[in-house]
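Okay, here's what each chain looks like letter by letter:
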Amino acid sequence: MLKRLQLTITRKLDGLLQGDYLGLLPGPGSEAGESREYRAGDDVRRMDWPVTARTTVPHVRQTMADRELETWMCIDLSASLDFGTARCEKRDLAIAAAAAIGYLTVRGGNRVGAVVTNGETSRRLAARPGRNNAHGMLRRVYQTPRAPAGGTAANAGYLAEAVDALNRPPRRRGQAVVISDFLTDDIVRADGGDLEPAWERPLRKLAVRHEVLAIEIVDPRELELPAVGVLTVVDPETGAVHEVSTDAKVRSAYATAAATQRTAIAGALRRAGAAHLRLSTDSDWLLDIVRFVAAQRRGRSRGTTR
């Protein structure tokens, strides 16, 4: 399965997304590049004070991508991803996204590592260079056992812990990718008193030092219900069974609640400073990645970071 996936990715994306060591995101580095106008969310430590003083407009100094880049992935394979009503399960799509990142970034001495969690247990896979090592790492990700029903519910903070694992030990600037559906019940109170998902704070901490990409995995049935009468649904996180009448009123309320939930997730990712890519089980995920990278590059050409 992974061999076929590797062939699909390299045939369709290799050469299209690469160039001058650029992959899904521009790699951070230490070599000074051009200046551009400051935009909200930029790291103030990169302020270009001479240009700012000369133009009276705040500018930041961009950095050139390092030739050797270390990428770490946090891959969520918890019970909520053992679900899919379209082309595949969300779990399969998460693994495919990890494979795309792995195969497209592990070159020129670049290293790829991962922290993978099934919601019950987590493990760290060391970052090593080379395509063979990347394939071996992805094979271990693919072999991650599924959590038993209710296993994730006993550890609601699993995603926050897995994301925070990317902050330890401290390492040089690189890329960090978090692949998840971000459907967790662990809510904490932020410093300002507002409520936020527990994974937002470690993600924000990660973005201080690294370029962060959040890949959100969704299924169309999580956004709206079909009109099929009485529908029996099972919560994969807890194992609870519910019967839902899919009349027009319920479908409308469900769609509104789902849209509010996804808006909240997008807002948390934006506050954390992460680039946001959404992949759905009913769409062409390769095409979605290409469109995302094209938008990122257009943004950089206009002097924006995200």
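Computed from a predicted model, the values in this text were never measured in an experiment.

**Brief notes about the packing of helix α5 (residues 158–165) against helix α6 (residues 200–209)**
Following both chains from N to C, one finds α5 and α6 inclined at 15 degrees, their axes separated by 8 Å at the closest point. Here α6 runs roughly parallel to α5, going by the angle between their axes. Of the two elements, α5 crosses α6, and the hand of that crossing is left-handed. From α5, A160, V163 and D164 reach across to α6, where they touch P202, L203 and K205. Broken down by class, the residue content of the contact of α5 with α6 amounts to four nonpolar, no polar and two charged.

**Remarks on helix α7 (residues 248–272)**
Counted at 1.5 Å a residue, the expected span for α7 with its 25 residues is 36 Å, and the 36 Å between its end C-alpha atoms agrees. As for α7, its buried residues are in contact with β8 (195–197), α6, β9 (211–218) and β12 (275–280). N-cap assignment for α7: the residue whose side-chain oxygen lies 3.1 Å from the backbone N of K249 is D247. Looking one or two residues past α7, G273 carries a phi angle of roughly 85 degrees, positive in sign.

**Quick look at the confidence of the model for the protein**
On average, the protein scores 83 in pLDDT, and the residues at 70 or more come to 79%. Low confidence marks residues 18–23, where pLDDT is under 50. Its contacts with residues over four positions away, or in another chain, come to 17 contacts. Overall, residues 301–306 carries pLDDT values under 50, and its contacts beyond four positions in sequence, including any with other chains, amount to twelve contacts.

**A look at the pairing of strand β11 (residues 241–245)**
Relative to β11, strand β10 (residues 230–234) is paired through five bridges, and the arrangement is antiparallel. Paired with V230 across the two strands is S245, which belongs to β11. The hairpin formed by β10 and β11 contains six residues between the paired strands, and G239 there has a positive phi angle of roughly 85 degrees.

How each quantity is defined
- All residue numbers refer to positions counted from 1 along the written sequence of the respective chain.
- A pLDDT threshold of at least 70 governs which residues receive local features in this predicted model, and a stricter bar of 80 or more applies before side-chain atom pairs are shown or counted, although totals over entire chains, interfaces and linings include all residues.
- The side-chain quantities take in all heavy atoms of the structure and omit both hydrogens and water.
- Angles run from 0 to 180 degrees between N-to-C directions of axes, and those axes are lines fitted to C-alpha atoms, restricted for helices to the stretch in contact.
- Strands are runs of DSSP state E lasting at least two residues, helices are runs of H or I lasting at least four, and both sets are numbered from the N terminus onward.
- Roughly parallel means an angle under 35 degrees; roughly antiparallel means over 145; roughly perpendicular covers 65 to 115; every other angle is labelled oblique.
- Crossings are sorted by hand: turned counterclockwise from the far helix by less than a right angle, the near helix makes the crossing left-handed, and turned clockwise it makes it right-handed.
- Throughout, a residue-residue contact means that at least one pair of heavy atoms, one from each residue, lies within 4.5 Å.
- Charged means Asp, Glu, Lys or Arg here, nonpolar means Ala, Val, Leu, Ile, Met, Phe, Trp, Tyr, Cys or Pro, and polar covers whatever is left, Gly included.
- One fewer than the residue count of a helix, multiplied by 1.5 Å, yields its expected span.
- For the purposes of these results, a polar contact is taken to be a pair of N or O atoms within 3.5 Å, where, inside protein, one atom must be able to donate a hydrogen and its partner to accept one; residues adjacent in sequence count only when each atom of the pair is a side-chain atom.
- Here pLDDT means the predictor's own confidence in every residue, given as a number from 0 to 100.
- The pairing criterion for strands is at least two bridges between them, as found by DSSP.

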